Amino acid sequence: MACRVQHSIHNSLYFLSSTPLRNSFNIRKSDFKNGINFGKTLFSSPSSSRTALYCTCSSSSSNGKDSFSPNGSDAFVLTTPLYYVNAPPHMGSAYTTIAADAIARFQRLLEKKVIFITGTDEHGEKIATAAAANGSSPSGHCDVVSQAYKALWKDFDISYDKFIRTTDPKHEAVVKEFYSRVLANGDIYRADYEGLYCVNCEEYKDEKDLLDNNCCPTHLKPCVRRKEDNYFFALSKYQQQLEEILRQNPGFVQPSYRLNEVQGWIKSGLKDFSISRASVDWGIAVPNDPEQTIYVWFDALLGYVSALLEDNELASLETAISSGWPASLHLIGKDILRFHAVYWPAMLLSAGIGLPKRVFGHGFLTKDGMKMGKSLGNTLEPTDLVQRFGPDAVRYFFLREVEFGNDGDYSEERFINIINAHLANTIGNLLNRTLGLLKKNCQSTLAVDSYVAAEGNKFKVAVEKLVEKARVHYEKLELSAACETVLEIGNAGNSYIDEQAPWSLFKKGETAFETAAKDLVIILEAMRIIAVALSPITPGLSLKIYSQLGYTEDQFNAVTWSETKWGGLKAGQVMAQPTPIFARIEDGTEAETKGAATKKVKKEKVPKSKSPVEA
């Protein structure tokens, strides 16, 4: 879904309004409901007059609770968009998924049961066209590109729990059942439509929104005139309910300025939209009408639900709903906000299913201040970045430098400066020099418990406040601020060790020696806390820190947020031999070391600052 649309979408002519649009629509039979002009409803039963209530939920997972309540489901269900497989993954989809992974990892640290869903959207005209251009079948094309997404997520250490493909048989079963339920509620009807169609967007366009020669403003290619006999969803029927939902639940759409956008769209009047295609073969057939295929949102959005099914479970809508719905968070790009915050809630209301608890629309990425595009030759390939710099460097840069929700820019110079200053200097160097002093003076063994070492120490109090601040930022999805706050612990640690100068105290012996030994324990305890608090962002780097502190990988994998509490390190604990965990980037190649500093070929001089590079 994320790749279907690159900008905010208006679809004005694509929807059916309550009044005729220049005779474009030929409604076969009128049935006035709620003042809306509907066409003939097909296949509906005499009992189809029931009305879905705002926030009702037929799901057993809701336990009768408001679907916006944090306690409405035992699991924290998090979704990325289902990425459209007409082309390989790009940095935009990687960014969304990295952010989702950080959120999922934080929720696991809170000991929540997490169901992290991602996947691929594999139906539609563009996919069939792309497959034909490559001399492949649509299914073969989808297999290749879907696998490319899985491979990239592995490269980025993405810890997803469910990967749904909309070509999965279980997904098709859920879509057909959902469609039939909405149909039975009287919200699907048939109508003729004629308009200008953009093949790349896979949508009809309003002529007033087009450029010269009827060119799509997104793809700069002429739209073609099409006339189709399609099925429509009665979105306009749910306008008042959606307005009330947003009024009573302002946190449903975030950030707040995205909520304002959604409220503006709804207030301007909702129009019914087409949910089938007669001219597209590559898709799920409409129940009882094999001449039509279910189109876009009535297919792809249901992936969030069908993904909840286990492979060996009966593929039914009710089974899927009872397996974890409603979703706790839909994480999407702002270009598909309308579909997730307007269409999707209305569809769920129609089917009598509880609504997701939150929809968060983030911004776009640019490169060197310019919108990325193949025509400009300035695309940013995620595979190239992760191979050159490693997953933690890429994850950290985009989550630290892009304020979550806003647009963000990538430049290689800034990337190198940030990663060197934050990960190599502030964090990596602090750990390495502390362990070096411990090896030289204490045989790499802690003299006292970290809690005892920090008794009455203001540094401990400062770290505890920063950790709590970081937790709040994570909970609010303020990922950049969470990174910055954890980095403050590293900055404070560097300042503390410089002020205390344990290397000098060790030379004085006796009481000064004991003080210096305690200071090293204090710094290493701060590093342990940094490793836990930063693990949602940089899981690989955090594991390296934990390993250097004498812990096993299994111990690291078992940590929870409660272990950010001061007092984890114990007297007698033996630290690993000091080895640089993150080499400075000098030649634009892989940043992280695997046991020893890599050979460095100087490319440009980067200031060796221990403090963060400010924006």
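Residues numbered from 1 in each chain as written. Predicted model: local features only at pLDDT ≥ 70, side-chain atom pairs only at ≥ 80, totals over all residues. Heavy atoms only, no water.

- Where an unreviewed UniProt entry is consulted, the protein appears under the name methionine--tRNA ligase, with the organism given as Nicotiana attenuata.
- Looking at the protein in UniProt, the text filed under Sequence similarities (unreviewed entry) is "Belongs to the class-I aminoacyl-tRNA synthetase family."
- The UniProt entry for the protein carries the following text under Catalytic activity (unreviewed entry): "tRNA(Met) + L-methionine + ATP = L-methionyl-tRNA(Met) + AMP + diphosphate". (UniProt positions renumbered as here; feature names shortened; annotations may be inferred.)

### Section: unusual backbone geometry
- Look at the link from Q254 to P255: it is a cis peptide, with omega at -5°.
- Inspection of the secondary structure puts P255 in the loop between β11 (253–254) and α6 (256–267).
- For the peptide bond that leads from W325 to P326, omega is 10°, which places it in the cis range.
- Position of P326 among the secondary structure elements: in the loop between α9 (317–321) and β16 (329–333). (Helix = DSSP H or I, 4+ residues; strand = E, 2+ residues; numbered from the N terminus.)

### Section: helix α1 (residues 91–109)
- For α1, built from 19 residues, the straight-helix expectation of 27 Å at 1.5 Å per residue is met to within 8% by its first-to-last C-alpha distance of 27 Å.
- Along α1, 16 of the 19 residues are buried, which leaves the element largely enclosed by surrounding structure.
- Where α1 terminates, the next one or two residues include E111, which has phi positive at roughly 65°. (Expected span 1.5 Å × (residues − 1). Buried < 20%, exposed > 50% of the residue type's maximum accessible area, 1.4 Å probe, protein only.)

### What about the packing of aromatic side chains?
- Counted according to the given criterion, the structure contains 33 aromatic pairs.
- Here F178 and W344 contribute two aromatic rings whose centre-to-centre distance is 6.5 Å and whose plane-to-plane angle is 35°, an arrangement assigned as tilted. Here the residue F178 occupies a position in helix α4 (residues 169–184), and W344 occupies one in helix α10 (residues 337–351), the gap between them amounting to 166 residues. For the pair formed by F178 and W344, the shared burial category is buried.
- One aromatic cluster is present, built from ring pairs that chain together F178, Y179, F233, Y238, F273, W297, F298, Y304, W325, F339, Y343 and W344.
- Across from the ring centre of Y295, 3.8 Å away, lies the NZ or CZ of R277, which sits over that ring.
- The ring of W265 carries R338 above its face, with NZ or CZ at 4.4 Å from the centroid. (Phe/Tyr/Trp six-rings, centres within 6.5 Å; stacked < 30°, edge-to-face > 60°. Lys NZ or Arg CZ within 6 Å of the ring centre and 35° of its normal.)

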